[in-house]
Amino acid sequence: MKENVDHHVPVLIVGGSLVGLCTSLFLGRHGIRHMVVEKHAGTSMHPRGRGINVRTMELFRVARVEDRIREAASVLADNHGIMQGGSLTGDDQEWLFEEIDPGGALARFSPAAWCLCSQNDIEPVLMSATPSLGADLRFSTELLSFDQDPGGVTAIVKNRETGEHSTVRADYLVAADGPRSPVREALRIGQSGSGDLFHNVSITFRSQMLPHVVGDRRFIVCYLTKPDADGALLPVDNGERWVFHAPWHPDRGETLEDFTDERCVEHIRRAVGAPDLDVEVTGKAPWHAAERVAERYAVGRVFLAGDSAHEMSPTGAFGSNTGIQDAHNIAWKLAAVLDGSAGPGLLQTYEAERLPVARATSERASARSAEHSHPGYEPDPEPAYTSGAAPAYPSGAAPAYPSGAAPAPAAGPDSAPGGGGGGGRQGGVLSVAMGYRYNRGAVLGADPDRPVVPDRMRLCGDPGSRAPHMWLCGPGDPDPKSTVDLYERSFVLLCSEGTPWRAAGRSVAEQLGLPLDVYAIGTGPEADLIPANGGDWTEVHGTTEEGAILVRPDGFVAWRSAQAVADPAAVLHEVLTTLLDRS
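These numbers were taken from a predicted model, which means no experiment stands behind them.

Calculation notes
- Residues numbered from 1 in each chain as written.
- Predicted model: local features only at pLDDT ≥ 70, side-chain atom pairs only at ≥ 80, totals over all residues.
- Heavy atoms only, no water.
- Helix = DSSP H or I, 4+ residues; strand = E, 2+ residues; numbered from the N terminus.
- Buried < 20%, exposed > 50% of the residue type's maximum accessible area, 1.4 Å probe, protein only.
- Contact = heavy atoms within 4.5 Å.
- Areas by Shrake-Rupley, 256 points an atom, 1.4 Å probe, with all protein chains shown as cover.
- Pairing = 2+ DSSP bridges.
- Axes fitted to C-alpha atoms, helices over the stretch in contact; angles between N-to-C directions.
- Right-handed = clockwise from strand over helix to strand, strands pointing away.
- Core = buried A, V, L, I, M, F, W, Y, C linked by side-chain atoms within 4.5 Å.
- Expected span 1.5 Å × (residues − 1).
- pLDDT = per-residue confidence, 0-100.
- Parallel < 35°, antiparallel > 145°, perpendicular 65-115°, else oblique.
- Left-handed = near helix turned anticlockwise from the far one by under 90°.
- Salt bridge = Lys/Arg side-chain N within 4 Å of Asp/Glu carboxyl O.
- Phe/Tyr/Trp six-rings, centres within 6.5 Å; stacked < 30°, edge-to-face > 60°.

> Residue-level account of the overall build of the protein chain, with values.
When its secondary structure is counted, the protein chain shows 13 helices and 25 strands. A total of 583 residues make up the protein chain; the buried ones form 58% of that total. Summarising the internal contacts of the protein chain: among those between residues at least 6 apart in sequence, 72% fall at separations of at least 24. As displayed, the protein chain has an accessible area near 22,400 Å², and 48% of this comes from carbon and sulfur atoms.

Structure (structure tokens):
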């Protein structure tokens, strides 16, 4: 350890915006002390990045902040669809989709639901939750430099208000420092992808007349396509506060100074189709849409997450959600290594799992921008890489499959393409949001040749996929809980009552000193959990009464056996030591 250290923490998070604060939340839920440094004085002030998908809301549900986020988002709770038209006053508007979840089909897959909560509303919720979980939040604090050695990372940070420099020693560093990440640049990590896609200026404004023009059309966003006044209109409160994304063409010599208040007012009036619309511009912020993915997600003890690792077109809100799910993935792995449950090889699986997801998702996001005619976007017909392509597998991150525990065959009914929860042009979003798979990494028995993002939603217990949702009750407890609620701080073994898996799981957990929750499911007196509404847990999870399934702390299936084995304790011991780099 270096001398003259002012602070020592297990994890230093660089960047205190959405992904950095989520990393803080998830680490805190695992009991890991950490520091967050953010160069800005506070959380985001501009309404952006507001689409929170179902999988992310599951993570917030398990982390006990879902209700507070929904409360912060309540003003837009009735906004569901995406509209497109030449203006709002003509007769050419159409719904790209009118409901996110028509008919409530999403309930088949999740106990959670989509949510619209702008970044400026969600960040204060996250910031208020983390200090009690061991977070040391330091705003107006900038990372100046860092270096790492075999024992940790030493960082120099500066308080931008006082000018004071401090030295922070951390076991690990997570860089959530944005698309122009100084940490990524210092590590000399390259990027691949199509690069810049388009540029917009985000204009916040007030208008008392606009709600009357919009009427009862409760859209999430309306793409206005008039050639001389295209843009995207988004409600902030369904009242007088709005955001308009106007195309910006710096490649044609346009500057931000060209976007005067007068120009913005006239552009919004023409786009809406109301020449006398009252428009009071309250703010302007440039933003750049790009498709870039880092070629590596980690170097030594430093990890990238969020925009530092990937940039995506905003259409579909895939970027921020992918970043939050990066944070969730690295958090449980850091916690396992720091508390001694796992060896350091587990951390190598972060890149092996999340990098292919980012590549596949960024392609889907760009395709969706073209489909929705996002203002300023002229798509490149040739993709920069093939979705599902995986990085070279890190040494030690692709464990062999344990003997005596063959994987169960894929089972369970397929849903409609895209997983229901929205048909037509909306189809496929759910597959990207929660149907993606980890074909390599801390999983055993996954098919490495399957697409990372499938064309059809399929959550039936396959190794590497998000574990299925079903409702269960405890004995004597009438209130059901989702299987999703079981997964956060430890591995979970599910088996049928009356099988030797329960005793084997508890024995192995004690031998290894691991947190492992074991639940026997059934309807008899030995059951720990009882399926609600007569559900069959084995069918839902793609196994049999004699089999078992092991789920990771992040809710992904780590391993599955379809049958009984001669020595379940030995098999589980081999599975867990292999997954956790304990061999």
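Having put the structure on the table, let's press on.
> Give me the sheet that holds strand 22 (residues 516-521): which residues, what numbers.
In space, the four strands of this open sheet follow the order 22-21-24-25, with mixed pairing throughout. At either margin of the open sheet sits one strand with a lone partner, and together these are strand 22 and strand 25 (557-561). Averaged over all pairs of adjacent strands, the angle between their axes in this sheet comes to 15°, without regard to strand direction. In this structure, strand 21 (residues 491-496) lies alongside strand 22, joined through six bridges in parallel fashion. The residue bridging Val 492 from the neighbouring strand is Asp 517, located in strand 22.

> Residue-level account of the pairing of strand 1 (residues 7-14), with values.
Of all eight residues in strand 1, six are buried; the element is thus mostly enclosed. By the bridge criterion, seven bridges tie strand 1 to strand 10 (residues 165-175) in an arrangement that is parallel. Its bridge partner being in strand 10, Val 9 is matched across the sheet by Ala 170. With four bridges connecting them, strand 1 and strand 2 (residues 34-38) associate as parallel partners. Considered in strand 2, the bridge of Val 11 is made with His 34. At this point the chain moves from strand 1, through helix 1 (residues 18-29), to the parallel strand 2, and the crossover so formed is right-handed.

> An account of the nonpolar core is requested, with residue identities and associated values reported.
Counting residues in each nonpolar core, the largest one holds 129 residues, and the members touching the most others are Phe 26, Phe 60, Ile 69, Val 183 and Leu 550. Here the element with the most residues in this core is helix 8 (residues 318-338); it accounts for ten residues. Apart from the residues lying within four places of it in its own chain, the contact partners of Phe 60 are Cys 22, Leu 25, Phe 26, Ile 52, Val 65, Glu 66, Ile 69, Ile 122, Leu 126 and Ile 324.

> Just give me the short version of helix 13 (residues 568-579), but keep the residues and values in it.
With twelve residues, helix 13 should cover 16 Å at 1.5 Å per step; its first-to-last C-alpha distance of 16 Å lies within 8% of that length. Buried-residue contacts for helix 13 involve strand 21, helix 11 (501-512), strand 22, strand 24 (548-551) and strand 25. Remark: Asp 581 follows helix 13 within two positions and exhibits a positive phi of approximately 55°.

> How would you explain the confidence of the model for the protein chain if you had to name every residue and give the values?
Chain-level pLDDT for the protein chain is 88 on average; 89% of the residues reach the 70-or-more range. pLDDT under 50 marks residues 383-427. Its contacts with residues more than four places away, or in other chains, come to 122 contacts.

> So, the packing of helix 1 against helix 2 (residues 54-62): which residues are in play, and what are the values?
For any two helices packed against each other, one specifies the inter-axial angle together with the distance between the axes. Running from amino to carboxyl end, helix 1 crosses helix 2 at an angle of 45°, the nearest separation of the two axes being 11 Å. As judged from the angle between their axes, helix 1 and helix 2 are oblique. Seen along the crossing, helix 1 lies across helix 2 with a hand that is left-handed. Where helix 1 abuts helix 2, its residues Cys 22, Leu 25, Phe 26 and Arg 29 lie against Leu 59, Phe 60 and Val 62.

> Lay out the pairing of strand 21 in plain terms, naming residues and giving numbers.
Across a regular strand the side chains alternate sides, sitting on one face of the sheet and then on the other. Most of strand 21 sits inside the fold, with six of its six residues counted as buried. As a crossover connection, the stretch from strand 21 through helix 11 into strand 22 is right-handed.

> Can you tell me about the environment of Ala 570, naming the residues and giving the values?
Note on placement: Ala 570 falls in helix 13. C-alpha of Ala 570 to C-alpha of Val 508: the two residues are 62 residues apart in sequence and 8.2 Å apart in space.

> Please set out the pattern of salt bridges residue by residue, giving values where relevant.
Tallying each qualifying case throughout the model produces 28 salt bridges. One salt bridge in this structure joins Glu 58 and Arg 55, with 2.7 Å as the shortest N-O distance. Here Arg 55 and Glu 58 lie together in helix 2, a separation of three residues that amounts to about one turn. Accessibility expressed as a relative area gives 0% for Glu 58, which makes it buried. Residue classification places Arg 55 among the buried positions, given a relative accessible area of 4%. With its nearest N and O atoms 3.5 Å apart, the salt bridge here joins Arg 184 to Glu 185. What emerges from the salt-bridge pattern is a single network uniting Lys 333, Glu 353, Arg 552 and Asp 554.

> Now, about unusual backbone geometry: what can you tell me, with residues and values included?
Positive phi values are uncommon outside glycine, yet Arg 64 reaches one of about 70°. Summarising the element assignment, Arg 64 is placed in the loop between helix 2 and helix 3 (66-72). A residue is classified by how much of its surface remains accessible, and Arg 64, at 53% relative accessible area, is exposed. Positive phi outside glycine occurs at Ser 140, with the angle close to 55°. Within the secondary structure layout, Ser 140 lies in the loop between strand 7 (135-139) and strand 8 (141-149).

> For the sheet that holds strand 20 (residues 481-482), give the residues involved together with the corresponding values.
Strand order in the open sheet made by the three strands is 20-19-23, with antiparallel pairing throughout. This sheet does not close on itself; its edge strands, each paired only once, are strand 20 and strand 23 (530-531). Note that strand 19 (residues 471-473) and strand 23 share two bridges and pair antiparallel. In the strand pairing of strand 23, Leu 472 is matched with Pro 531.

> Got a sec to walk through the packing of aromatic side chains? Specific residues and values, please.
Applying the stated criterion across every chain, the model contains nine aromatic pairs. Summarising the aromatic geometry, the rings of Phe 303 and Tyr 350 are spaced 6.1 Å apart at their centres and angled 75° between planes, so their arrangement reads as edge-to-face. On the criterion of sequence distance, the pair formed by Phe 303 in strand 17 (residues 302-304) and Tyr 350 in helix 9 (residues 349-371) is long-range, its members being 47 residues apart. Among the residues examined, Tyr 350 registers a relative accessible area of 0% and is labelled buried. Between the aromatic rings of Tyr 436 and Tyr 438, the centroid separation amounts to 5.8 Å while the plane-to-plane angle is 50°, which identifies the pairing as tilted. Owing to a relative accessible area of 2%, Tyr 436 belongs among the buried residues under this scheme.

> An account of the environment of Pro 314 is needed here, citing residue identities and associated values.
Looking at the secondary structure, you find Pro 314 in the loop between strand 18 (310-311) and helix 8. Since its relative accessible area comes to 36%, Pro 314 is described here as partly exposed.

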